[in-house]
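What the coordinates show
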Amino acid sequence: METGFGLKIREKRKALGLTQAELAKQVGISTSYFNLIERGKRSIGGALLIRIARALDLDPATLDDAADRRLMNEVTELAGEPLLAALGLQAATVPALVGRHPGWAQALALLHRECRDRGEVIAALSDRLRQDPFLSDIVHRMLTTIAGIRSTAEILESVDDLDAGHSRRFRSTLVSESTRLSDAAQALADFLDRAEAPKQAITPAEEVDDFILASNAHFPTLEEGADRLRRRIGADQAGGAVKLTTVLESGDVAAAPRQRRGRGAPQPAPEDVTDPALEEGAPAPSRRFALACRVVARELAEPIRALIDAAPSLASPAARTRAEGVLASYAAAALLFPYEPFREDAERLRYDIGLMRRKYLASVEQICQRYVSLRRPGAEGVPFGMLRADPAGNLSKPFPLPRLPMPRHGSACSLWAVYRAFQTPGAIVRQLAETPSGDRVLFVAQTVGKGVDSFAVPPRHLSIALVCDVQFADRVVYGDGLDLSPRARADAVGVSCRVCPRERCPHRVADPIVPA
Amino acid sequence: MATRLLIAEDEPSILESLVFILGREGYDIATARDGDDALSQLRTAPATDLLILDIMLPRRNGFEVLKAVRAEPALSGLPVLMLTAKGQARDRQMAEQMGADAFIAKPFSNQDVVRAVRGLAAP
């Protein structure tokens, strides 16, 4: 698929009166490679992106390929809305729209998101009206009381020869039933007053997802903060691991052995132990990570706060609180798995999750999450996307690849290895997959059990998947032994049925909304 | 012998109105304040010609009474007029499936009640 990104480069190049050959030479690549980039056949980032942006006198941020692809995906979804079907919008023209009029495309995507979210709120509210037991009870009470009042009033009005006894009783009924009706109406008004406000148009989780995407899952200030903290603790020197453990267990940075200055054994942390990951006997990686979160939440509160304050996408207080937790987790990972050594180990061990777990005493999810964050310009790891699924198919923690968007709502394509992994719990599942646009990716998925192993509280099983463009597969142990040649058979997957053009796919569960 | 009605309704104000207006029409009226009471009166008291049955009754609700009535050979042919509440379409649908003969939605007009009762059992 042509991208708005390539289009932007071409338009700007032409505006400057440069040929492909001239510009390619200027940035130090071949003309044919540059041609591929302009046609959207190659995804670039890092130093090359910056060189091209400079040569064209553009802000590198405006050439963000990933952001364009996300936007295109959203506009494409909109093009397939049943409401707009009669307009015959062509998915093929979306890249041109995004490339030439990014502002309008963004406006459409935002309105579409808003519109769909409102639809969900309305559905939730109407469900509530239909099913709320209090409402149906109070409506029944009101109708019953009104029935009594009406019938009694009609008798008083229409019966001329009413005897004194009946007349008195019916009038007193009117008074008592009117009082009951007022009480019921008041109870209804109170209920409506108390009814919680409709949920946020965009959920806090989505706001945070957007924030992570906009930051490319990498936070330099937290990496630096974590590195400084490690130096303060002395964790980067000989015996550093012991010092780090001491600090984590005590929750006190000053408790590192080197700096104890005779204050005796470290005191237990003052916080209440409410996090189950901190309980005695919790799995060691979870406990260590939770302890690290506690330390960084205090020691790196400032850079965390600064990132949140600078993020326009974190509008709601709930999203900001959530982002705080996510960033503390990020900083904890940066503290426990320091960027440079971790990246070097990962490259050397070819991203073998099991070996990295052993080396860093970490969980599958922690290692995968850290892989995704290896995006320091000039020192990138393999660019991985990630996602997590529960057995019901719900996705969480999605981090897409430029060529593999992830659905914002509902579940993904059922063929993705992230779901297949549930068939073989605990085992690594590899998958060479091809998207409808012909891009090939390598999925690696594995299920993990979370929570305490107790009969009373069933463990929570999640499938965690990494995904990378097939061009990086040779750096990853999971590509070994797979035929990765362009002619090799790959699973024909989509993103989700609604946006998938594979009309005859036997796994389809919903009609496509995108014209093929 | 006058036509005999049994009104099963727990709301005193509605019950009193119904007794009054239908009494003026010349019906012989018995009342029940809950579902159990209604059923036992139907089984023991002199033959009833029409049952006026509220849905939200204590002890045994209108649906249960209706089901029991339709299941007993001696009572299965008894005409039943159900009192439903406006907007409770599901209640009405269910009563219909269970064999109610007619419906009156609350809040009703006295005229409607008289007309419906006359349609099922002349005084």
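Residues numbered from 1 in each chain as written. Chains lettered and ligands numbered in written order. Predicted model: local features only at pLDDT ≥ 70, side-chain atom pairs only at ≥ 80, totals over all residues.

- An unreviewed UniProt entry lists chain B under the name DNA-binding response OmpR family regulator, with Roseospira goensis given as the organism.

- Named according to an unreviewed UniProt entry, chain A is HTH cro/C1-type domain-containing protein originating from Roseospira goensis.

**Thoughts on the overall build of chain A**
- From N to C terminus, chain A includes 19 helices and 8 strands.
- Of all intrachain contacts in chain A linking residues separated by at least 6 positions in sequence, the fraction that spans at least 24 positions is 63%. (Helix = DSSP H or I, 4+ residues; strand = E, 2+ residues; numbered from the N terminus. Contact = placed C-beta atoms within 7 Å.)

**Quick notes on the overall build of chain B**
- When you go through chain B residue by residue, the secondary structure sums to 5 helices and 5 strands.
- Listing every helix and strand of chain B by position from the N terminus yields β-α-β-α-β-α-β-α-β-α.
- Out of the 123 residues in chain B, the part that is buried amounts to 37%.
- Nonlocal contacts in chain B, meaning residues at least 24 apart in sequence, comprise 60% of its contacts between residues at least 6 apart. (Buried ≥ 20, exposed ≤ 12 C-beta atoms within 10 Å, placed from the backbone.)

**Points about the sheet that holds strand β7 (residues 460–469) of chain A**
Residues and elements named next belong to chain A.
- Taking strand neighbours across the sheet as the criterion, the 6 strands line up as β4-β3-β7-β6-β5-β8 in an open arrangement whose pairing is mixed. The sheet terminates laterally at β4 (395–399) and β8 (491–492), the two strands that pair on one side only.
- With 2 bridges joining them, strand β5 (residues 429–434) and β8 adopt parallel strand pairing. The partner of Ala-433 across the bridge, within β8, is Asp-491. (Pairing = 2+ DSSP bridges.)

**Observations regarding helix α3 (residues 31–38) of chain A**
Residue and element names in this part refer to chain A.
- Taken together, the buried positions of α3 are occupied by Phe-34, Ile-37 and Glu-38. Along the axis of α3, the buried residues cluster in a sector spanning 95 degrees; they form a single face.
- Count one or two residues on from α3 and you reach Gly-40, which has phi positive near 75 degrees. (Arc of directions from axis to C-beta.)

**Here's the deal with the packing of helix α2 (residues 35–44) of chain B against helix α3 (residues 62–71) of chain B**
All names here are of chain B.
- The contact between α2 and α3 brings their axes to 9 Å, and the two run at 20 degrees. As the angle between them shows, α2 and α3 are arranged roughly parallel. Seen from above, α2 lies across α3 with right-handed handedness. Contacts between α2 and α3 involve Gly-35, Ala-38, Leu-39 and Leu-42 on the former and, on the latter, Glu-64, Val-65, Ala-68 and Val-69.
- When grouped by side-chain class, the residues that make up the contact of α2 with α3 number 6 nonpolar, 1 polar and 1 charged. (Axes fitted to C-alpha atoms, helices over the stretch in contact; angles between N-to-C directions. Parallel < 35°, antiparallel > 145°, perpendicular 65-115°, else oblique. Left-handed = near helix turned anticlockwise from the far one by under 90°. Nonpolar A, V, L, I, M, F, W, Y, C, P; charged D, E, K, R; others polar.)

**So, the environment of Ala-328 of chain A**
- Relative to the elements of secondary structure, Ala-328 of chain A occurs in helix α15 (residues 317–336).
- C-beta crowding within 10 Å serves as the criterion here: with 21 such atoms nearby, Ala-328 of chain A is assigned to the buried category.

**A short note on the interface of chain B and chain A**
- Contact with chain B, which involves 16 residues of that partner, is made by 15 residues of chain A.
- Residues belonging to the side of chain B that touches chain A are distributed by class as follows: 7 nonpolar, 5 polar and 4 charged.

**Focus on the environment of Gly-99 of chain A**
- For Gly-99 of chain A, the location among the structural elements is in helix α6 (residues 94–100).
- For the pair Gly-99 of chain A and Asp-68 of chain A, spaced 31 residues apart in the sequence, the C-alpha separation amounts to 8.0 Å.

**Some points on the pairing of β5 of chain A**
Residue and element names in this part refer to chain A.
- The side-chain alternation of β5 yields one buried face, formed by Val-429, Gln-431 and Ala-433, and one unburied face, formed by Arg-430, Leu-432 and Glu-434.
- Judged from the 6 bridges that link them, β5 and strand β6 (residues 440–450) form a sheet pairing that is antiparallel. Residue pairing across strands places Leu-432 opposite Leu-442, the latter belonging to β6.
- Connecting β5 to the next strand, β6, in antiparallel fashion are 5 residues, including Gly-438 with a positive phi near 90 degrees.

**Observations concerning the pairing of β4 of chain A**
All names here are of chain A.
- Here 3 bridges tie strand β3 (residues 384–389) to β4, and the two strands are oriented antiparallel to one another. Of the residues in β4, the one forming a bridge with Arg-388 is Ser-396.
- Hairpin connection between β3 and β4: a loop of 5 residues separates the two successive antiparallel strands, and Gly-393 in this loop has a positive phi of roughly 95 degrees.

**Observations regarding the confidence of the model for chain A**
- Overall, the prediction assigns chain A a mean pLDDT of 83, with 87% of residues at 70 or greater.
- In this model, residues 258–273 of chain A is a region of pLDDT below 50 whose contacts with residues beyond four sequence positions or in other chains number 17 contacts. (pLDDT = per-residue confidence, 0-100.)

**Remarks on unusual backbone geometry**
- Cis geometry marks the peptide bond from Lys-106 of chain B to Pro-107 of chain B; its omega dihedral reads -5 degrees.
- Topologically, Pro-107 of chain B is positioned in the loop between β5 (102–106) and α5 (110–120).
- With a phi close to 55 degrees, Arg-350 of chain A is a non-glycine residue in the positive phi region.
- Its location among the elements puts Arg-350 of chain A in the loop between α16 (339–348) and α17 (353–360).
- In this structure, Lys-397 of chain A takes a positive phi of about 50 degrees despite not being glycine.

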